[in-house]
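# A look at the structure
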Amino acid sequence: MRHFHRCSLTPDQVLEQADKHFGPLGLSRGGADARSRIFTGALGTMRLTVKMEGGHYTFVEVHTDQVGESRLDKGVKKYFNLLHRTADPRHLIEAGY
């Protein structure tokens with residue numbers, strides 16, 4: 001699946017949070033460069049890339065090798081919530097119903 005998120009954090013902050021978040025899920029960092037990370041483990045494989053967009057936004061894109069919403073995809077969504085809370089600690093994430 002493909003997931004994306006826009007945030008006001010810098011690319012370095014986004015990658016730092018990824019390194020902290022995906023380790024406890026049982027994923028190990030398989031490859032890395034200045035703007036991307038590859039994580040692999042029992043849950044599957046994912047590739048995370050970041051790039052600056054116009055203005056002060058960072059575009060975060062994640063591709064997983066899973067079909068449908070798997071446990072890995074749910075971990076990615078939790079990671080996006082973490083990024084949102086890091087950028088704005090006052091914001092409470094609630095259900096929309």
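Each chain carries its own residue numbering, running from 1 in the written order of its sequence. Only residues with pLDDT of 70 or above have their local features reported here, since the model is predicted, and side-chain atom pairs are shown and tallied only from 80 upward, although totals for entire chains, interfaces and linings are computed over all residues. Values reported for side chains reflect all heavy atoms of the structure, with hydrogen atoms and water molecules removed beforehand.

### Things to note about the environment of Thr86
For the purposes of this entry, the term helix denotes a DSSP run of H or I that reaches at least four residues, the term strand denotes a run of E that reaches at least two, and both are numbered from the N terminus. Within the secondary structure layout, Thr86 lies in helix α2 (residues 71–87). The sequence separation of Thr86 and Ser8 amounts to 78 residues, and the corresponding C-alpha distance is 9.6 Å. Setting aside residues up to four positions removed in sequence, Thr86 forms contacts with Leu9 and Gln17. Residue contacts follow a heavy-atom distance rule, with two residues in contact if any of their heavy atoms lie within 4.5 Å.

### Comments concerning the pattern of salt bridges
Every case where a carboxyl oxygen of Asp or Glu lies within 4 Å of a side-chain nitrogen of Lys or Arg is listed as a salt bridge. Throughout the structure, instances matching the rule amount to 8 salt bridges. For Arg35, the salt bridge identified is with Asp12, shortest N-O distance 3.5 Å. Taken together, the positions of Arg35 in the loop between β2 (27–33) and β3 (36–41) and Asp12 in helix α1 (residues 11–22) put the pair 23 residues apart, joining distant regions of the chain. Buried, partly exposed and exposed residues are distinguished by accessible area as a fraction of the type maximum, computed with a 1.4 Å probe on protein chains only: under 20%, between the cut-offs, and over 50%, respectively. Owing to a relative accessible area of 53%, Asp12 belongs among the exposed residues under this scheme. Beyond isolated ion pairs, a larger network of salt bridges with shared partners links Asp19, Arg29 and Arg37.

### Brief notes about the side chain of His21
Within the secondary structure, His21 sits in helix α1. His21 gets classed as buried once you look at its relative accessible area, which sits at 17%.

### Looking at the packing of α1 against α2
Between two packed helices, both the angle of their axes relative to each other and the distance between the axes serve to describe the pair. Packing of α1 against α2 leaves a shortest axis separation of 10 Å and a crossing angle of 135 degrees. The angle between α1 and α2 falls in the class oblique. At the point where α1 passes α2, the crossing takes the right-handed sense. Side by side, α1 and α2 meet where Val14, Gln17, Ala18, His21 and Phe22 of the first sit next to Gly75, Val76, Lys78, Tyr79, Leu82, Leu83 and Thr86 of the second. In the contact of α1 with α2, the residues fall into 7 nonpolar, 4 polar and 1 charged. Whenever a helix is involved, its axis is fitted only over the stretch in contact; in every case the axis is a line through C-alpha atoms, and angles between N-to-C directions fall within 0 to 180 degrees. An angle below 35 degrees is treated as roughly parallel, one above 145 as roughly antiparallel, one from 65 to 115 as roughly perpendicular, and anything else as oblique. Take the far helix as the reference: if the near one is turned anticlockwise from it by less than a right angle, the crossing is left-handed, and if turned clockwise, right-handed. Polar here means any residue outside two lists: the nonpolar Ala, Val, Leu, Ile, Met, Phe, Trp, Tyr, Cys and Pro, and the charged Asp, Glu, Lys and Arg; Gly therefore counts as polar.

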